[in-house]
Amino acid sequence: MFNLNKPIPTPKLWGKKKSQQRRSPFFFLSLFLLSLIFLFFLTFTSIPKSLFSSSSSKTTALSLQFPHCEIRISGEKFLWYAPHSGFSNQLSEFKNAVLMAGILNRTLIIAPILSHHAIALGSCPKFRVQSPKEIRVSVWDHVIELITSGRYVSMADIIDISSVLSSSHVRAIDFRVFVSSWCGLDLDLACAKEPNTQPTYLVDSLKQCGLLLSGVDGNIDRCLFSVDDDCRTTVWTYGNDEADGALDSFQPNEQLKKKKKISYVRRRRDVYKTLGPGSKADSATVLAFGTLFTAPYKGSELYIDIQKAPRDSNIQSLIKKIKFLPFVPEIISAGKQFAVQTVKAPFLCAQLRLLDGQFKNHWEATFSDLKQKLDSVSQTVSRPIHVFVMTDLPRGNWTGNYLGDLAKDSTNFKLYFMNEEDSLVMETAKKLALAGHGLRFGSSLGGIESTDTVAKLQKHCAPHILRDILLFIEETICSCGSLGFFGTAGSTIADNIEIMRNFSSCSNQREDHKMM
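Residues numbered from 1 in each chain as written. Predicted model: local features only at pLDDT ≥ 70, side-chain atom pairs only at ≥ 80, totals over all residues. Heavy atoms only, no water.

By the secondary structure assignment, Asp174 is in strand β5 (residues 171-174). Look past the residues within four positions of Asp174 in its chain and what remains in contact with it is Ile110, Ser154, Gly438, Leu439 and Phe441. (Helix = DSSP H or I, 4+ residues; strand = E, 2+ residues; numbered from the N terminus. Contact = heavy atoms within 4.5 Å.)

Here is the structure:
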């Protein structure tokens, strides 16, 4: 036991007494400096992390704010991407996203349908595109705008993907369901009936979460891996015999390299080897792509070259299924109804894209090709020839061109068209809003969200009426044209209609015409 009354001898750490007296000022100075350091440490830890602009501080703050970032819920791993341009391009990207999710065994986050050309990619052939990070941020900002303004429409509200998901290994979750759970936000509060009346903190939190998911501050271990390879450097492949990392056949030419100071080299990389099991990307809860747009160009694909999977029968089957994804039943029914109850006869569809981009400079060629098509049809069909006209040119501007001439020639031609105000369009929009197909995806994923969350989103975040569905009904009508189809050269809308016709999207309707 210690005797507390006995003085404790002072250890002889300082040597002689004179030496101790000489060094004592340094001792007090050391104590003073230690006090300052301790005070600074306390002050530093009390400063909000948001005041520091370093990437690591931001990432740490966001990781703490969104707890699902660090913990993989029920073992689920997700894939999201940034669509762009018009609906046809967005549909093409969605198909590629389904394929990528299937190959990488990830749950696909179903994107909304963006406003026409709200997001632009740029030109892959000219090596002038937005970076994946830039386009992810742009898409996220636009999605927040769609949610807060009540204009959000999921791709699954328009495209029927139930058969693909039920007969393959691909899983999907609605973007709103995912964000509500993963960001830890009551997203139903953002879906106010009055536009732009959402709490400021909620909109700010959504933007913060978007910055994290967009990879603005880089990757976060076990949370996010952002794919920053784009069409300038990469062509994604899967299961080919070619060497991983081989040079692609399409490269920037020397003139372009000098003019734009380009140093890019395009390589063909296997997506499964690069981003699949065993890779750094595979450990992340969310894998974030930029755009997934691709197209053939000079003997190569611009970004994704996966048309076959010789060693994977499941992916082979998936590739076949996504070639044609039909519209939801409400849209198909509306298109058939117009053909049977309004046209009431075999007809030809003329899809004329005249105002957008390059098409505004090719009216003469487009009208000349349409005239040839109609002359050919007139050789075998009695007059008047019934023609459904699908065009972006307002009827008030038909005067003085071939469309105006067709409209006047009632002896030989009878024209049909639709407007957004037509009762059939409005009724279909109401049916789609009530159906709420998009929010059905994700409710079966264990752990990522509760039934209450989905129910609240269905109540508050489903639009009261879906806008801009005219295009989808018109495409369906065109697929029912038993006298044929004329599409504007180079139009992705025309390409989509051709696919619908090749897959007999309106085959039952054609049988109805035979019985007339």
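Anyway, onward from the coordinates.
With that settled, consider the layout of surface pockets. Approximately 750 Å³ is the volume attributed to the second largest pocket. Forming the walls of the second largest pocket are 23 residues, and the residues nearest its centre are Ser92, Lys95, Asn96, Thr294 and Ile499. Contributing elements (two or more residues each) for the lining of the second largest pocket: α3 (87-104), α11 (313-322) and α18 (492-502). Looking at the lining of the second largest pocket, its residues break down into 10 nonpolar, 9 polar and 4 charged. When residues of the lining of the second largest pocket are assigned to domains, at least three map to each of domain 1 (72-323) and domain 2 (329-436 + 446-503). (1 Å grid on protein atoms, 1.4 Å probe; cavity = no way out; pocket = protein on both sides within 12 Å on 5 of 7 lines; lining within 4 Å. Points joined across faces, edges and corners; volume = space filled by probe spheres on them. Nonpolar A, V, L, I, M, F, W, Y, C, P; charged D, E, K, R; others polar. Domains from an automatic or database assignment.)

Bringing the packing of helix α12 (residues 329-343) against helix α17 (residues 470-479) into the picture now. The contact between α12 and α17 brings their axes to 8 Å, and the two run at 55°. The orientation of α12 with respect to α17, classified from their angle, is oblique. When the axes of α12 and α17 are compared, the crossing they make is right-handed. Where α12 abuts α17, its residues Ile331, Ile332, Ala334, Gly335, Lys336 and Phe338 lie against Phe472, Ile473, Thr476 and Ile477. Split into classes, the residues belonging to the contact of α12 with α17 amount to 7 nonpolar, 2 polar and 1 charged. (Axes fitted to C-alpha atoms, helices over the stretch in contact; angles between N-to-C directions. Parallel < 35°, antiparallel > 145°, perpendicular 65-115°, else oblique. Left-handed = near helix turned anticlockwise from the far one by under 90°.)

Moving on, we get to the pattern of salt bridges. Taken as a whole and assessed by the stated rule, the structure comprises 15 salt bridges. Here Glu76 ties to Arg171 by a salt bridge, and the two come within 3.4 Å at their closest N and O atoms. Pair noted here: Glu76 is in the loop between α2 (55-65) and β1 (78-80) and Arg171 is in strand β5, with a separation of 95 residues, a long-range link. Classification of Arg171 as partly exposed rests on a relative accessible area of 26%. (Salt bridge = Lys/Arg side-chain N within 4 Å of Asp/Glu carboxyl O. Buried < 20%, exposed > 50% of the residue type's maximum accessible area, 1.4 Å probe, protein only.)

Attention shifts here to the sheet that holds strand β7 (residues 234-237). Strand pairing in a sheet relies on backbone hydrogen bonds, with the paired strands running either antiparallel or parallel. Sheet architecture is open: 3 strands sit in the order β7-β9-β8, paired in mixed fashion. The outermost strands of the open sheet, each flanked by one partner alone, are β7 and β8 (246-247). Taken together, the 2 bridges between β8 and strand β9 (residues 267-270) define a ladder with antiparallel strand orientation. In the strand pairing of β9, Ala246 is matched with Arg268. (Pairing = 2+ DSSP bridges.)

Purely geometric numbers; function is a separate question.
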